[in-house]
2 protein chains.
Amino acid sequence: MSKSNFKEPARKVRPSRKGRAARMQKGKSTVPLTSSIFKRNIPRYPLLHTEALEAIEEQADWILKEVGIEFRGDDEALRLFKEAGADVQGERIRFDSGHVTQLCSTAPDSFRMESRQPQHSIILGGDHIVLMPGYGSPFVTDLDKGRRYATLEDFQNFVKLTYQSPVLHHGSGTIVEPVDVPVNKRHLDMVYAHLRYSTKPFMGGVTSPERAQDSVEMAKIMYGADFMQKHCVIQGNINVNSPLVYDHTMSSALRVYAAAGQSVAVSPAIFAGAMSPVTQAAVLAQTHAEAMVGIALSQLVRKGTPVVYGNFNTTMNLQTGSLTFGSPESNLSHMAFTQLGQRLGVPVRSGGGQLSAANSADGQAMQEASTGMMSDILAGANMIYHSAGWLEGGLSMGYEKFVMDLDHCGMMLKMAGGITVDKESFGREAYLQTEPGGNFLSTDHTMKNFKTANYQSTLGDAGSYEQWTEDGALTLEQRANKRWKKMLEEYQAPEIDPGVDEALLEFMERKKSSMPDKWY
Amino acid sequence: MSKSNFKEPARKVRPSRKGRAARMQKGKSTVPLTSSIFKRNIPRYPLLHTEALEAIEEQADWILKEVGIEFRGDDEALRLFKEAGADVQGERIRFDSGHVTQLCSTAPDSFRMESRQPQHSIILGGDHIVLMPGYGSPFVTDLDKGRRYATLEDFQNFVKLTYQSPVLHHGSGTIVEPVDVPVNKRHLDMVYAHLRYSTKPFMGGVTSPERAQDSVEMAKIMYGADFMQKHCVIQGNINVNSPLVYDHTMSSALRVYAAAGQSVAVSPAIFAGAMSPVTQAAVLAQTHAEAMVGIALSQLVRKGTPVVYGNFNTTMNLQTGSLTFGSPESNLSHMAFTQLGQRLGVPVRSGGGQLSAANSADGQAMQEASTGMMSDILAGANMIYHSAGWLEGGLSMGYEKFVMDLDHCGMMLKMAGGITVDKESFGREAYLQTEPGGNFLSTDHTMKNFKTANYQSTLGDAGSYEQWTEDGALTLEQRANKRWKKMLEEYQAPEIDPGVDEALLEFMERKKSSMPDKWY
């Protein structure tokens, strides 16, 4: 039934394919039944002209030919590249101009990720926009309990909040690091939470090939090995050890997901000036080179592996060493990066939407986050990481910031729907019901359209100063404090087949008891 | 010497043209000597395609032909339009399709506004970006004294802060309403403050034709009547009484500025659903129609009058009646409006940059403001009103918000400079000084470029959580509190010819003593 090493549990708990498919169709949602397949209806921002983009691509080729890239400790990756005709010297691989681009050509320009609740299936690529919450914070913060290390309960909370939000389409992976769980067992609890408390497509473990394989196996318990041969339900987020290094952990995790027919998002992580030259043109060329090589490896493992062309680059204050986010330079390079990915013909990850270096969910946080999000949406990124919650340059996930960002995600999606220009939208009849100097509030056209015309902010307070003062003069952050608690109170888990749940728990238990705890 | 009614002061205090010109060249600045002539180096965002823009233009023509527009109490305006061939019935004017567009065709596509400090002269139109602070708030607020009615001292403070900021190019007009000065005398104190405490181009009174004339006369004392026949130094901001009405106050003030060879910015003020149909396509068509008619009038008064095609439209929460700002719908219509203005061939005002309905300078304020500002910058607006300070939908000007916005203006201008893609920016030599897995911090390329590569935020704190906590865990708003006070402490007034200053004060005194105070 499965190509993997996963051993069938002693008791047959997984239902038949037919039963599973039927359940997937029937899945009831406790969230609004909006489709997660969201298509933009506005143009992409054409930041760089073709000549500039070609020059960047040529520079990427120069890097791969003259400097090369290293795969450290991964003989299988080196073998695959050698077999494909690359120049492999020890762990260094060099490519002729155009070779890596050509190896990427078998990656699909768009693909679906399936959910057992069909309305939560998504499409990555083309004109589609997929938003996902933050990834990777070791800390959480909220106004009640302050800043502290994240726990599994926090992780589960953010999975639940993500499941509840109609503006997040993807569950992310390690939304926060559950540091109360041993490092070598975290992935099990995280994957279980994604499968149990949400139905949105998600990312599994990547911190070792075994953990990647465990993640794939748990997905198979839910979705079936056969189904996963032809359908993508899980992704691995593969970070590059920039500059120009893939370490064994990442490249072998990449190979696990690709071999299983699942997706990888390849993301060079570059802080300009440290992991690359400080100028944005160099950041773009190097990111392009590094990302393409990961995509090429996925295609060598399995042609047609669904990939996401990723990046995570930002600026640094080179006097203090602090990372800066939402900066003009990083916003520009996110835009240009989207253009490069579109030229390569694959779905594009934006480095991050609502990024911020701020230490609280204040004006700085929203200034940086909003600006970055606008850049990604207008540029046409397909998959926007870190669309909710990020603070402190990713060190902390803020509960308040999370729901503040959700409101802004809603605005951005409404904006990406564009302006309708047609006969109805001109409202000619309204002009015949009123006069110059008159009021359109009571015209039929207004009555008919006012409920749907405008996005209704869920947290913004546009009321009077007097009323706001009477209500306690709460900032957006303070109002957000009530929102996330209310959401968690109202959370209802999606249905799950009890047999599947039992199999997942059994798998976890078996894996956990097979190894001692590791805390580093 | 002057075409105006201004009577020469008894004493000859104004220096000769030659002396004035010499002084303008020598003018010393206490602000960074960056040129205020800023050109964008990034493309305009092409939100709507040509067919949609043409449909909006056709709908504007339909409105002007089938409904028409009223000029109330302004016989001269009616006469001018009748003479130009429009269909004038009472105060209602109707136009054949294309007629108003044709009347606008003599307006220049760009023009200069001169400053006595040449580095503060600006160009409006083309690829130029001009940022100006807020306009019109009756209240001010800061963290020390809270929210209160604005006074002349507040007005002067904001003129000084504007003068000091290298990222604001234009002084605005009634930045805040100095409510401690009688309504019929405020314009004198405001124009004096713009001329005395700043040298940036500015806007004069528009609340009656006499006040507009006084403003022009005071500008003449500084710049000379002859100079102003050929050069623009002052503008009037002309609001339309939307829907489809110009009242006498505004249309006659428009005529005063145009007759004096100065500039008018024509700004329909539309809250969608009340002053127009609620759909954005209708807002755009009606705004286009209304703005064009004002521009046409300026050209009938004096061909070649330098104009700005303006708009001030936003959304309402039609359930509560609250105005909302930075909303997705208004951001989109600002973008489309910029396209319409470019097609008309005149400089475009964006309704406003850093608008917000928030009652404090919190996350909501910066979320709304940043999103709106990004829309305007990317769309290619030439003159961005309300780029600093706005709170409460314009009811209040925040001292902290002002400097928070200034920082963001700096980021936006840096972004509008685009990405440099050339040989130097690729930094090939840096790759030859390091290795895969290495560090670029010490390469020659980083050393050479790190100081100029990235915008340095003046208020953003990207430092560690621990350091931020030790420093008092200040929000952006709290940090901004120190900034504006420091700026005001460091303020140094620009030089002014003592004779000009005396003449300005004499003019004010004479005007003030010629009429009783009016407080409404």
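A brief structural summary. None of the values given here were measured: they were computed from a predicted structure.

## Brief notes about the overall build of chain A
If you tally the helices and strands in chain A, you get 19 helices and 19 strands. Its C-alpha radius of gyration of 24 Å places chain A within 12% of the 24 Å reference for a compact globule of 520 residues. Seen along its three principal axes, the alpha-carbon backbone of chain A occupies a region of about 80 × 60 × 45 Å. Buried positions account for 66% of the 520 residues belonging to chain A.

## Thoughts on the interface of chain B and chain A
Tallying the contact residues gives 109 residues for chain B and 110 residues for chain A. Roughly 9000 Å² of surface becomes buried between chain B and chain A when both sides are summed, with 65% attributable to carbon and sulfur atoms. Close ionic contact of glutamate 435 of chain B with arginine 92 of chain A constitutes a salt bridge, the shortest N to O distance being 2.5 Å. In this assembly, chain B and chain A are joined by 44 residue pairs in polar contact (both at pLDDT 80 or more). With nine residues, helix H12 (residues 363–379) of chain B is the largest single contributor of residues to the side of chain B that touches chain A. Broken down by class, the residue content of the side of chain B that touches chain A amounts to 55 nonpolar, 39 polar and 15 charged.

## Some remarks on the sheet that holds strand E19 (residues 396–398) of chain B
Residues and elements named next belong to chain B. Pairing in this open sheet of four strands is mixed, and the strands run E8-E7-E19-E18 from one edge to the other. Looking at strand neighbours, the two that pair on one side only are strand E8 (146–149) and strand E18 (390–391), the edges of this open sheet. Across three bridges, the pairing between strand E7 (residues 139–142) and E19 is parallel. Residue pairing for E19: valine 140 is matched across the bridge by methionine 397. Each of E7, E8, E18 and E19 touches helix H13 (residues 399–416); the most contacted strand, E19, lies at about 60° to it.

## A short note on the nonpolar core
With 294 residues, the main nonpolar core has Phe71 and Phe81 of chain A together with Phe71 and Phe81 of chain B as its most contacted residues. Excluding residues that lie within four positions of it along the chain, phenylalanine 81 of chain A makes contacts with Phe71, Ala86, Val88, Ile93, Phe95, Val293, Ala296, Leu297 and Leu300 of chain A. The next biggest cluster of nonpolar side chains, apart from the first, holds 17 residues, and it includes Ala269, Ile270, Met275 and Leu355 of chain A.

## Brief notes about the pattern of salt bridges
Scanning the entire structure with this criterion turns up 48 salt bridges over all chains. With a shortest N-O distance of 2.6 Å, aspartate 142 of chain A and arginine 148 of chain A are connected by a salt bridge. Between lysine 220 of chain B and glutamate 217 of chain B there is a salt bridge, and its shortest N-O distance comes to 3.6 Å. Of this pair, lysine 220 of chain B and glutamate 217 of chain B both sit in helix H7 (residues 209–223), three residues apart, which is roughly one turn of that helix. Neither residue differs from the other here; lysine 220 of chain B and glutamate 217 of chain B are each classed as buried.

## A look at the packing of aromatic side chains
Residues and elements named next belong to chain B. Enumeration over the complete set of coordinates arrives at 37 aromatic pairs over all chains. On the basis of an interplanar angle of 5° and a centroid distance of 4.2 Å, the ring pair of tyrosine 309 and phenylalanine 337 is categorised as stacked. Taken together, the residues span a long stretch of sequence, with tyrosine 309 in strand E13 (residues 307–309) and phenylalanine 337 in helix H11 (residues 328–344) at a distance of 28 residues. Tyrosine 309 gets classed as buried once you look at its relative accessible area, which sits at 0%. Summarising the aromatic geometry, the rings of tyrosine 399 and tryptophan 484 are spaced 4.3 Å apart at their centres and angled 35° between planes, so their arrangement reads as tilted. Here the residue tyrosine 399 occupies a position in helix H13, and tryptophan 484 occupies one in helix H18 (residues 476–490), the gap between them amounting to 85 residues.

## Regarding unusual backbone geometry
Most peptide bonds take the trans form, and the phi angle of most residues other than glycine is negative. Between serine 242 of chain A and the following residue, proline 243 of chain A, the backbone shows a cis peptide bond with an omega angle of 5°. Of note, proline 243 of chain A is situated in the loop between strand E10 (234–240) and strand E11 (245–247). The phi dihedral of serine 172 of chain B is positive, around 65°, even though this residue is not glycine. Structurally, serine 172 of chain B is set in the loop between helix H5 (152–164) and helix H6 (186–197). A residue is classified by how much of its surface remains accessible, and serine 172 of chain B, at 0% relative accessible area, is buried. Notably, leucine 244 of chain B is not glycine yet its phi reads approximately 60°, a positive angle. What makes leucine 244 of chain B buried here is its relative accessible area of 1%.

## Description of the side chain of aspartate 142 of chain A
Residue and element names in this part refer to chain A. Here aspartate 142 shows up in strand E7 (residues 139–142). Relative accessible area serves as the criterion here: at 4%, aspartate 142 is assigned to the buried category. At 2.6 Å, the side chain of aspartate 142 and the side chain of arginine 148 are in polar contact. With sequence-adjacent residues up to four places away left out, aspartate 142 is seen in contact with Arg148, Tyr399, Glu400 and Trp484.

## Quick word on the environment of alanine 260 of chain B
Residue and element names in this part refer to chain B. Structurally, alanine 260 is set in the loop between helix H9 (248–259) and strand E12 (263–271). Judged by its relative accessible area of 10%, alanine 260 is buried. When the C-alpha positions of alanine 260 and methionine 228 are compared, they lie 7.5 Å apart, and in sequence the two are 32 residues distant. Apart from the residues within four sequence positions on either side, alanine 260 is in contact with Val216, Met228 and Arg302.

## Let's talk about the state of the cysteines
Two cysteines, two sulfur atoms, one covalent bond between them: this is a disulfide. Residues and elements named next belong to chain A. Enumeration according to the criterion identifies zero disulfides over all chains in this entry. Looking at cysteine 232, it has no disulfide partner, and the nearest cysteine sulfur is the one in cysteine 104, 18 Å off. Residue cysteine 232 is classed as buried on the basis of its relative accessible area of 5%.

## Topic: the relation of the copies chain B and chain A
Take chain B, turn it by 180°, move it 0.0 Å along the axis, and it overlays chain A with an RMSD of 0.0 Å. Between the two chains, the operation in question is that of a two-fold axis. Measuring from the rotation axis to each C-alpha of chain B, the shortest distance belongs to glycine 363 of chain B, at 2.1 Å.

## Things to note about helix H13 (residues 399–416) of chain A
Residues and elements named next belong to chain A. Taking 1.5 Å per residue, 18 residues should reach 26 Å; H13 reaches 26 Å between its end C-alpha atoms and fits that length. Counting buried positions along H13 yields 17 of 18 residues, so the element is predominantly enclosed. Of the residues trailing H13, glycine 418 is marked for its positive phi of about 75°.

## Details of the pairing of strand E1 (residues 69–72) of chain B
All names here are of chain B. Strand direction decides the pairing type here: E1 and strand E3 (residues 92–94), joined by two bridges, are antiparallel. Bridging across to E3, isoleucine 69 finds its partner in isoleucine 93. Relative to strand E11 (residues 245–247), E1 runs parallel, the two sharing three bridges. Paired with arginine 72 across the strands is aspartate 247, a residue of E11.

## Side note on H9 of chain B
Residues lying three or four places apart along an α-helix face the same way, a consequence of the helix completing one turn every 3.6 residues. All names here are of chain B. The end-to-end C-alpha distance of H9 is 16 Å, a good match for the 16 Å that twelve residues give at a rise of 1.5 Å each. Across the twelve residues of H9, nine count as buried, placing the element largely inside the fold. Met250, Ser251, Ser252, Ala253, Leu254, Arg255, Val256, Tyr257 and Ala258 are the residues of H9 that are buried. One or two steps after H9, the chain reaches glycine 261, where phi turns positive at roughly 75°.

Criteria and thresholds
Residues numbered from 1 in each chain as written. Chains lettered and ligands numbered in written order. Predicted model: local features only at pLDDT ≥ 70, side-chain atom pairs only at ≥ 80, totals over all residues. Heavy atoms only, no water. Helix = DSSP H or I, 4+ residues; strand = E, 2+ residues; numbered from the N terminus. Rg over C-alpha atoms; globule rule 2.2 N^0.38 Å. Buried < 20%, exposed > 50% of the residue type's maximum accessible area, 1.4 Å probe, protein only. Contact = heavy atoms within 4.5 Å. Buried area = accessible area lost by both parts, 1.4 Å probe. Salt bridge = Lys/Arg side-chain N within 4 Å of Asp/Glu carboxyl O. Polar contact = N/O pair within 3.5 Å; in protein donor to acceptor, adjacent residues only side chain to side chain. Nonpolar A, V, L, I, M, F, W, Y, C, P; charged D, E, K, R; others polar. Pairing = 2+ DSSP bridges. Axes fitted to C-alpha atoms, helices over the stretch in contact; angles between N-to-C directions. Core = buried A, V, L, I, M, F, W, Y, C linked by side-chain atoms within 4.5 Å. Phe/Tyr/Trp six-rings, centres within 6.5 Å; stacked < 30°, edge-to-face > 60°. Disulfide = S-S within 2.5 Å. Least-squares fit on C-alpha atoms with pLDDT ≥ 70 in both. Expected span 1.5 Å × (residues − 1).

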